[in-house]
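What follows is each chain in one-letter form.
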Amino acid sequence: MASASPAARDQSGAATPPFKTELHAAYVKGLSAKTNTFEHVATEHLRMSGVYWGVAAMATMGRDLRAEMESDTLTEWVLSCQAPSGGFGGNVGHDAHVLYTLSALQILAMGGALDRIDADRVAGYIASLQQHDGSFVGDEWGEVDTRFSYCALSALSILGRLRTGFVDVGRATAFVASCRNFDGGFGCVPGAESHAGQIFCCVGALAIGGALDLLDSELLGWWLAERQCDSGGLNGRPEKQADVCYSWWILSALSIIGKVDWIDSQKLAEFILDCQDGDDGGISDRPGNMADGELSFGNGMWKLPMLSQQFSSDHHHPSTPADLAPSPPAATASLPYLLRGRRALTAGWYDAGSHANFRAIDPVYALPRDLVDEMGLESSTL
């Protein structure tokens with residue numbers, strides 16, 4: 001378990017623990033063997049997303065997915081979760097849902113297996129979920145949520161079917177914009193409370209749809225920056241505790257709108273590092289708690305590589321296949337950019353040997369950026 005309190009530090013932050021790459025990799029690989037635990041049974045319905053989090057964490061650390069995650073076997077399992085409708089369920093025999101459809105496509109993309117599916121069939125399923133107002137329901141039961149708007153647009157982009165007439169992208173982004181609140185944030189439906197998770201989904205959907213002009217970046221940036229707590233961690237709503245999972249939702253949104261420098265990235269990195277389980281691996285929601293193999297690890301693992309990319313005003317992402325060259329900070333990012341600085345080196349966070357294979361993570365698609373560039377996936381940033 002992580003230490004009950006953050007490590008003592010001098011002014012240089014020298015006592016902050018290093019990122020425990022090998023321990024975390026072993027933790028992820030070990031999750032598949034824990035089939036007799038309560039957590040394994042209780043998360044059966046969202047196994048697809050759990051597998052995505054684990055695969056993405058390993059991919060971010062530059063691990064060999066075929067050798068260490070048996071990606072070929074995972075591909076066959078993903079394919080076995082496809083429903084007659086063309087969508088994917090959270091597990092074998094479960095109903096199709098747009099959330100798990102996106103996770104399935106992300107897993108297949110990282111495993112180089114997108115050619116194993118009928119892209120038009122999957123796109124047709126996603127198109128069947130769009131409503132007249134541009135929103136998307138998650139499945140046949142009709143719940144509307146901006147999470148589903150992001151999942152639909154991201155999945156269609158991965159399939160190469162975003163601009164081919166399957167859905168009305170303009171209406172989709174207009175619905176997302178209608179969920180914007182007076183504080184600059186976004187909720188799950190029009191009038192719903194702003195929440196960091198929903199904000200990532202809405203900003204991501206607008207970025208994919210080429211409609212970032214529909215948000216107020218200054219007001220939104222203020223709301224997101226206000227989520228940083230005294231501990232350095234980020235919360236999801238006002239008056240809540242910091243939680244590692246919000247690091248992804250908020251960092252990615254800030255990076256898309258070019259305002260990562262509005263928060264103290266070093267304090268955030270320290271908070272994440274203090275949430276590591278130094279004995280068994282994994283990352284907890286906050287220091288002293290037990291590591292969470294599904295949510296907190298998947299959401300906590302990516303933040304340090306994200307911070308490496310100096311996501312701020314110089315963040316660059318191609319908007320067309322002809323513009324695929326990332327800016328130098330992004331191209332050389334393998335561990336947090338801030339960890340390459342003088343304070344990072346004295347703190348011992350960055351190990352140029354063990355972290356040299358870390359891959360930059362794309363803030364819009366939550367996939368390794370080199371893969372996003374290779375696929376020519378469409379998005380925009382400010």
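We now turn to the structure provided with this report. (Residues numbered from 1 in each chain as written. Predicted model: local features only at pLDDT ≥ 70, side-chain atom pairs only at ≥ 80, totals over all residues. Heavy atoms only, no water.)

### Notes on empty space enclosed by the protein
A full pass over the atoms with the stated rule returns one cavity of 30 Å³ or more. Here the largest cavity defines a volume of roughly 40 Å³. Contributing to the lining of the largest cavity are Val 55, Leu 65, Ser 71, Leu 74, Thr 75, Ile 107, Met 110 and Gly 111. For the lining of the largest cavity, the elements supplying multiple residues, two or more each, are helix 5 (71–80) and helix 6 (98–110). The greatest single-element share of the lining of the largest cavity, amounting to three residues, is contributed by helix 5. For the lining of the largest cavity, the class distribution of residues is five nonpolar, three polar and no charged. (1 Å grid on protein atoms, 1.4 Å probe; cavity = no way out; pocket = protein on both sides within 12 Å on 5 of 7 lines; lining within 4 Å. Points joined across faces, edges and corners; volume = space filled by probe spheres on them. Helix = DSSP H or I, 4+ residues; strand = E, 2+ residues; numbered from the N terminus. Nonpolar A, V, L, I, M, F, W, Y, C, P; charged D, E, K, R; others polar.)

### Some points on the packing of aromatic side chains
Counted under the stated rule, the structure contains four aromatic pairs. Cation over ring: Arg 227 sits above Trp 223, and NZ or CZ is 4.5 Å from the ring centre. (Phe/Tyr/Trp six-rings, centres within 6.5 Å; stacked < 30°, edge-to-face > 60°. Lys NZ or Arg CZ within 6 Å of the ring centre and 35° of its normal.)

### Focus: the nonpolar core
Residues Met 110, Ile 126 and Leu 224 are the most contacted members of the largest nonpolar core, which totals 102 residues. Take this core: its biggest share by element is 10 residues, from helix 10 (residues 196–208). Dropping the residues within four chain positions of it, Ile 126 is found in contact with Thr 101, Phe 136, Ala 152, Ala 155, Leu 156 and Leu 159. (Core = buried A, V, L, I, M, F, W, Y, C linked by side-chain atoms within 4.5 Å. Buried < 20%, exposed > 50% of the residue type's maximum accessible area, 1.4 Å probe, protein only. Contact = heavy atoms within 4.5 Å.)

### Quick look at unusual backbone geometry
Here the phi dihedral of Glu 239 falls at roughly 70 degrees; this positive angle occurs in a residue that is not glycine. You can see Glu 239 is positioned in the loop between helix 11 (217–225) and helix 12 (245–256). Although it is not a glycine, Ala 366 sits at a positive phi angle of roughly 55 degrees. Tracing the sequence through the fold places Ala 366 in the loop between helix 17 (342–347) and helix 18 (369–375).

### As for helix 3 (residues 47–60)
Under the 1.5 Å per step criterion, the end-to-end length of helix 3 is 20 Å for 14 residues, consistent within 8% with the ideal 20 Å. The buried count for helix 3 comes to 14 of 14 residues, which makes it a mostly enclosed element. Two residues or fewer after helix 3 comes Gly 62, characterised by a positive phi angle close to 75 degrees. (Expected span 1.5 Å × (residues − 1).)

### What to know about the packing of helix 10 against helix 12
Look at helix 10 against helix 12: their axes get within 8 Å of each other, and the N-to-C directions meet at 35 degrees. The handedness of the crossing between helix 10 and helix 12 comes out as left-handed. Within the contact between the two elements, helix 10 uses Ala 196, Gly 197, Ile 199, Phe 200, Val 203, Gly 204 and Ala 207 and helix 12 uses Tyr 246, Trp 248, Trp 249, Ile 250, Ser 252, Ala 253 and Ile 256. The residue inventory of the contact of helix 10 with helix 12, partitioned by class, reads 11 nonpolar, three polar and no charged. (Axes fitted to C-alpha atoms, helices over the stretch in contact; angles between N-to-C directions. Left-handed = near helix turned anticlockwise from the far one by under 90°.)

### Topic: the pattern of salt bridges
A full pass over the atoms with the stated rule returns 14 salt bridges. One salt bridge connects Glu 143 with Arg 147, and the closest N-O pair in it is separated by 4.0 Å. According to the relative accessible area criterion, Arg 147 is partly exposed, its value standing at 28%. In this structure, Lys 259 and Glu 218 form a salt bridge, with 2.9 Å as the shortest nitrogen-oxygen distance. Of this pair, Lys 259 sits in the loop between helix 12 and helix 13 (265–274) while Glu 218 sits in helix 11, placing them 41 residues apart in sequence. Taken together, the salt bridges that share partners define one network made up of Glu 22, Lys 29, Arg 63 and Glu 68. (Salt bridge = Lys/Arg side-chain N within 4 Å of Asp/Glu carboxyl O.)

### Points about the packing of helix 6 against helix 7 (residues 119–127)
Closest axis-to-axis distance for the helix 6/helix 7 pair is 11 Å, and the angle between their directions is 155 degrees. Taken together, the axes of helix 6 and helix 7 lie roughly antiparallel to each other. As for how helix 6 packs across helix 7, the hand of that crossing is left-handed. Of the residues in helix 7, those in contact with Val 98, Thr 101 and Leu 105 of helix 6 are Val 122, Tyr 125 and Ile 126. Its residues placed into classes, the contact of helix 6 with helix 7 shows five nonpolar, one polar and no charged. (Parallel < 35°, antiparallel > 145°, perpendicular 65-115°, else oblique.)

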